[in-house]
Amino acid sequence: MDREFLENKMFCHLPLAFDAMVKEKVNGEETDTGGFVKEDGSVTFRIYAPKMENVTMRIAVSNKQSYEFTFEKKENGVFELFIDNSDGHFNGSLTLNLFFNGVRLLYPYLPVHWSQNKPVNYFEFPCSGHDYASLKDVRHGAVSTQIYYSKVRKQFERCLVYTPPGYMKSAESYPVLYLQHGGGENETVWDSTGHVSFILDNLIAEGECVPFIVVMNNNVVHYPETPAGKIDHCFEDMLLQDCIPFIEENYRVKTGKENRAICGLSFGSYITNDIALFHPDMFSYVGALTGSMYHGEEKMAVYERPYRTLMKSGDVIKDNYKVYWQSATPEEDWIDYVYEDHKICVENGIAEMEGYHFVIHPPKTNKWTSWRMGLRDFAKLLFR
C-alpha cells in the first residue's frame, strides 16, 4: 500500500449517532448502563467493568475547576455513581474523563464526541429554561458533509454545512455564517454538541431569526513550517481562498460582506477576531463567544495580532461591522481575556456603537451552555 493511500482522509472520517445506545448485556441479560437523569436534574451513572477494582470520573467545568468522583462497586461487576445536581451546577454538555484502575478509557455506553483532540465521553446535563437548543416539532434544515479541495493545504478538507428549512425546494439565496469551534475540537462539535441546527430551526420557526446558511470547518490547521502549539495564517488563508469561494460557487448564497458573518467560541473567537480585523472587507457581523483580541503574552501566535495596530482608533470596527458581539460565562477559563477585550472596546470607542454587545451570562453557566446562548442571541441580530 502506498503512502498516498495510507494518508487518505477516509481513515479520519468519524460517524456520530442519533439514536439511544443499545443496552449492554450483563451475564446474557440486558441492563441499564450509561447515564440516567431524574426529574430534579440529578444523574446516576452505571458502568459495567467486572475486571476492574475501581472506576473514577473527572468532570471539568473549566481548566481551573474540576470535580473528581469515585464509583461505588455493586454486584455483578457494575459500578454506580449518583450526582446530586438538583442545584443545576452541572448544565449543558460536559466532557467526562473516565479512569478504570487509573487508566483513562472510553466507555462505549456513554455518548462520545470530539474534544481534547480525540474522541471522549460526554454527557448532556439538562438545563431548566434552555429548551431553545432542543429538538422540537418544527420544520428542520439539513446538515450535510461537504468535501472540498484546499489549494492552500494541498489536500482535501471537510466542512459541515447547515442549510435552513426550505432550502432544497426553493430558488432563494441565503447569507452565510462561518462558525468556528474551539481548541481541541473539530468541525462536528457545533452540531453534535452545540446543537446549532436545533437552535436555528427553532429561531426560524419562531420568526426570531433570518434564515441563513452555516459553514463549519476544522480550524486547527497550520502550515508545516509553523512550530507545534502555535497558530499562523493557514486557516485564514484556507477559509478565504478555498472555502468561501467553494461555498459561493456551489450553494445558493448571497455574496458581499453584508451577507457574511463570522463567529467562534474560545480558540475559535481568537481566530474570528483576527480574520475579521485582517479583512474588514469580508464580513459585516462578528461574534466572539469568549472573545480574545487580547491574548496575554501572545503565546499562541507567530504573527502580530492585528488589534494592536488597528485598534488605535475604534473606526476599524465602527466603520466596518454592523454587529460586534462578545459574550462569555464567569466559569470560562479565560474570563480575564474577555474583560480585557471589553476594555479595549471601551477605550477605543467601540462600545459606543449601536451594534456592540457585551454579555456576561449568570454564574454557574457552564461553557457549552454559554456558547449556545451566545450563538442564539447573536443569530437574532444577523442580516437584518
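Residues numbered from 1 in each chain as written. Predicted model: local features only at pLDDT ≥ 70, side-chain atom pairs only at ≥ 80, totals over all residues. Heavy atoms only, no water.

Q: Pulling in residues and values, what's your account of the sheet that holds strand E18 (residues 285-289)?
A: Here we have eight strands laid out as an open sheet, ordered E13-E14-E16-E15-E17-E18-E19-E20, and mixed in their pairing. Each having just a single partner strand, strand E13 (142-150) and strand E20 (356-360) make up the two edges of the open sheet. Taking each pair of neighbouring strands and ignoring which way they run, the sheet shows an average axis angle of 20 degrees. In the packing of helix H4 (residues 234-250) onto the sheet, contacts are made with E13, strand E14 (155-163), strand E15 (176-180), strand E16 (213-217) and strand E17 (260-265), and the angle to E13 comes to roughly 115 degrees. Relative to the sheet, helix H5 (residues 267-278) contacts E15, E17, E18 and strand E19 (323-328), its axis offset from that of E17 by approximately 145 degrees. (Pairing = 2+ DSSP bridges. Helix = DSSP H or I, 4+ residues; strand = E, 2+ residues; numbered from the N terminus. Axes fitted to C-alpha atoms, helices over the stretch in contact; angles between N-to-C directions. Contact = heavy atoms within 4.5 Å.)

Q: So what's going on with a nonpolar patch on the surface? Which residues, and what values?
A: A cluster of nonpolar side chains, contributed by Ile147, Tyr149 and Phe156, occupies part of the molecular surface with about 330 Å² of accessible area. You can see Phe156 is positioned in strand E14. Exposure remark for Phe156: the relative accessible area of 52% places this residue in the exposed category. (Patch = residues over 30% accessible without salt bridge, like charges linked within 9 Å, V, L, I, M, F, W, Y side chains within 5 Å. Areas by Shrake-Rupley, 256 points an atom, 1.4 Å probe, with all protein chains shown as cover. Salt bridge = Lys/Arg side-chain N within 4 Å of Asp/Glu carboxyl O. Buried < 20%, exposed > 50% of the residue type's maximum accessible area, 1.4 Å probe, protein only.)

Q: Give me helix H3 (residues 196-205): which residues, what numbers.
A: Given 3.6 residues per helical turn, the α-helix brings residues three or four places apart onto the same face. Counting buried positions along H3 yields seven of ten residues, so the element is predominantly enclosed. By the burial criterion, the buried members of H3 are Val196, Ser197, Ile199, Leu200, Asp201, Asn202 and Leu203. Trailing H3 by a residue or two, Gly207 shows a phi angle of about 70 degrees, which is positive.

Q: Mind laying out the packing of H4 against H5, listing which residues take part and the relevant values?
A: As a packed pair, H4 and H5 sit with axes 10 Å apart at the nearest point and diverge in direction by 60 degrees. When the axis of H4 is compared with that of H5, the two are oblique. Taken as a pair, H4 and H5 cross one another with a handedness that is right-handed. Each of Phe235, Glu236 and Leu239 in H4 lies in contact with H5, whose residues at this interface are Ile271, Ile275 and Phe278. When grouped by side-chain class, the residues that make up the contact of H4 with H5 number five nonpolar, no polar and one charged. (Parallel < 35°, antiparallel > 145°, perpendicular 65-115°, else oblique. Left-handed = near helix turned anticlockwise from the far one by under 90°. Nonpolar A, V, L, I, M, F, W, Y, C, P; charged D, E, K, R; others polar.)

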